[in-house]
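Secondary and tertiary structure notes
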Amino acid sequence: MERLIRNILIIGGVLTLVLAAGFYTQQSWATILWAAVDSPLSHRFIASMAAAIAAAMLWIGITGNLHFMRAGALNLAVMFGGKAIFLGLNPSLLDAAPLAMPNWVYIGICVAFSIFNIWLFFWAKRFPAPDPQPLPTGVRIAYVIFIVALIGVGTSLVLQLPNVLPWPLPPVTSVLFGWMFLGDAFYFGYALVNPRWTNGEAQLWSFLAYDLVLIFPFLTKLPTIKPEFFLSMVAYLCILLFSGTVAIYYLFLNPATRCIGRRSEAELRASAFDLITE
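1. A look at the overall build of the protein chain
On a plain count of helices and strands, the protein chain comes out with 10 helices and 0 strands. Counted from the first residue to the last, the protein chain has its helices and strands arranged as α-α-α-α-α-α-α-α-α-α. Taking 2.2 N^0.38 as the reference for a compact globule, 278 residues should give roughly 19 Å; the C-alpha atoms of the protein chain span a radius of gyration of 20 Å, in line with that estimate. Taken over the C-alpha atoms alone, the protein chain extends approximately 70 × 50 × 30 Å along its principal axes. Each of the 278 residues in the protein chain was classed as buried or not, and the buried ones make up 49%. Within the protein chain, contacts between residues separated by at least 24 positions form 74% of all contacts whose residues are at least 6 apart in sequence.

Set out below in structure tokens:
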């Protein structure tokens, strides 16, 4: 059973990466799945979200840490639940979108996906968290910063406040992106409520994938950004650089958490003792 789930996650992660590539390059087979006619930066943002989801799926599938499906399920349940409620109350907003399906089918898929992820959140509880290593203090602090930023930006987008993101958004896109940010706040919040390193590692892989997709389009856009979007662009770039730095340090450099050549707490304590006694 576990082997089957891991294979499904790996295959699903690869397919989600293909979807991310389709949105990034604005392929029509990908963009017809989105609920609005949008700009290239919006499509790149959707690509970054898809890449983040794919990174988590691949990490869970490869490592076998199936317990962490709970965090991803919580994220997607909130994200698609919010989308379903908004679009269900405002179905006419989908009329202008070049969707490959009727409006009611699109809304129904959002509802079904939210319900499925609610079920998955409780079902995945049967898988134990295999590593008792605590979540590092630096990661906890970073996650608090991320959650505050995600809730602030997400709420502002749901309320359709102007210039929250550094490019113009149609009203429907603003609300749907807002629910993406709010879902991500639950994603990082799960690791704070269950502060094990294995519950925080996947979020850093997700953030790294998200950062890599967005950083170059944003840097390219910066010299020609309109004045009303300049502050939001600078703030967004600061978050991308900060989150990327945190991810790179804890995934590749920190001896206790790096993915290659990780050292146990006992080894680190012994090494520190040797340095003191030399």
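2. A closer look at the side chain of Asn199
Take Asn199: it is sitting in helix H8 (residues 198-221). At a separation of 3.1 Å, a polar atom in the side chain of Asn199 contacts the main-chain carbonyl oxygen of Asn194. The residues contacting Asn199, other than those within four sequence positions of it, are His67, Phe68, Tyr190, Ala191 and Asn194.

3. Description of the nonpolar core
Residues Trp34, Phe45, Met69, Phe177, Tyr210, Phe218 and Tyr236 are the most contacted members of the largest nonpolar core, which totals 85 residues. Listing elements by their share of this core, those giving two or more residues are helix H1 (2-24), helix H3 (40-63), helix H4 (69-89), helix H5 (103-123), helix H6 (137-158), helix H7 (171-193), H8 and helix H9 (227-253). No other element matches H3, which puts 12 residues into this core.

4. Describing the environment of Ser114
Within the fold, Ser114 resides in helix H5. When its relative accessible area of 8% is taken as the criterion, Ser114 is described as buried. Separated by 48 residues in sequence, Ser114 and Leu66 place their C-alpha atoms 19 Å apart. When near neighbours in sequence (up to four residues on either side) are disregarded, Ser114 contacts Ala77, Phe80 and Gly81.

5. What about the confidence of the model for the protein chain?
Overall, the prediction assigns the protein chain a mean pLDDT of 89, with 94% of residues at 70 or greater. The weakest mean pLDDT in the protein chain belongs to helix H10 (residues 265-277) at 42; the strongest belongs to H6 at 96.

6. So, H4
The terminal C-alpha atoms of H4, which comprises 21 residues, lie 30 Å apart, in line with the 30 Å expected from a rise of 1.5 Å per residue. With 16 of 21 residues buried, H4 is to be regarded as a mostly interior element.

7. Here we look at the environment of Phe80
Looking at the element boundaries, Phe80 is found in helix H4. Under the relative-accessibility criterion, Phe80 is labelled buried at 17%. The sequence separation of Phe80 and Phe121 amounts to 41 residues, and the corresponding C-alpha distance is 14 Å. Non-local contacts of Phe80, meaning those with residues more than four positions away in its chain, are made with Cys110, Phe113 and Ser114.

8. Considerations on the packing of aromatic side chains
Under the criterion given, the structure shown has 26 aromatic pairs. For the pair Trp119 and Trp123, a centre-to-centre distance of 5.5 Å together with 20 degrees between the ring planes defines the contact as stacked. Taken together, the residues span about one helical turn, with Trp119 and Trp123 both in helix H5 at a distance of 4 residues. According to the relative accessible area criterion, Trp119 is partly exposed, its value standing at 45%. Both rings, one in Phe121 and one in Tyr190, keep their centres 6.4 Å apart while their planes meet at 85 degrees; by these two values the pair is edge-to-face. Residue Phe121 is located in helix H5, and its partner Tyr190 is located in helix H7; the two are separated by 69 residues in the primary sequence. Phe121 gets classed as buried once you look at its relative accessible area, which sits at 16%. A cation sits over an aromatic face here: Arg44 above Tyr24, 4.3 Å from the ring centre. Its guanidinium or amino end placed over the ring of Phe121, Arg70 lies 4.0 Å from that ring's centre, counting from NZ or CZ.

9. Observations regarding the side chain of Thr257
Tracing the backbone through its elements, the reader meets Thr257 in the loop between H9 and H10. Within the local environment of Thr257, its side chain forms a polar contact with the side chain of Asn254, the two groups lying 3.0 Å apart.

10. A short note on the packing of H3 against H8
Look at H3 against H8: their axes get within 8 Å of each other, and the N-to-C directions meet at 155 degrees. Compared by their axis directions, H3 and H8 come out roughly antiparallel. In the crossing of H3 with H8, the sense of the turn from one axis to the other is right-handed. On the side of H3, the interface is formed by Leu41, Arg44, Phe45, Ala47, Ser48, Met49, Ala51, Ala52, Ala55, Ala56 and Trp59, while H8 contributes Thr198, Glu201, Ala202, Trp205, Ser206, Ala209, Tyr210, Val213, Leu214, Pro217, Phe218 and Lys221. Looking at the contact of H3 with H8 residue by residue, the classes come out as 17 nonpolar, 3 polar and 3 charged.

11. As for H9
Taking 1.5 Å of rise per residue, 27 residues should cover 39 Å, and H9 covers 38 Å from first to last C-alpha, within 8% of that figure. Inspection of H9 places Phe229, Ser232, Met233, Tyr236, Leu237, Leu240, Ser243, Gly244, Val246, Ala247, Tyr250 and Leu251 among the buried residues, and these make up the whole buried set. Where H9 is buried, its residues meet H3, H6, H7 and H8.

Conventions used here
Residues numbered from 1 in each chain as written. Predicted model: local features only at pLDDT ≥ 70, side-chain atom pairs only at ≥ 80, totals over all residues. Heavy atoms only, no water. Helix = DSSP H or I, 4+ residues; strand = E, 2+ residues; numbered from the N terminus. Rg over C-alpha atoms; globule rule 2.2 N^0.38 Å. Buried < 20%, exposed > 50% of the residue type's maximum accessible area, 1.4 Å probe, protein only. Contact = heavy atoms within 4.5 Å. Polar contact = N/O pair within 3.5 Å; in protein donor to acceptor, adjacent residues only side chain to side chain. Core = buried A, V, L, I, M, F, W, Y, C linked by side-chain atoms within 4.5 Å. pLDDT = per-residue confidence, 0-100. Expected span 1.5 Å × (residues − 1). Phe/Tyr/Trp six-rings, centres within 6.5 Å; stacked < 30°, edge-to-face > 60°. Lys NZ or Arg CZ within 6 Å of the ring centre and 35° of its normal. Axes fitted to C-alpha atoms, helices over the stretch in contact; angles between N-to-C directions. Parallel < 35°, antiparallel > 145°, perpendicular 65-115°, else oblique. Left-handed = near helix turned anticlockwise from the far one by under 90°. Nonpolar A, V, L, I, M, F, W, Y, C, P; charged D, E, K, R; others polar.

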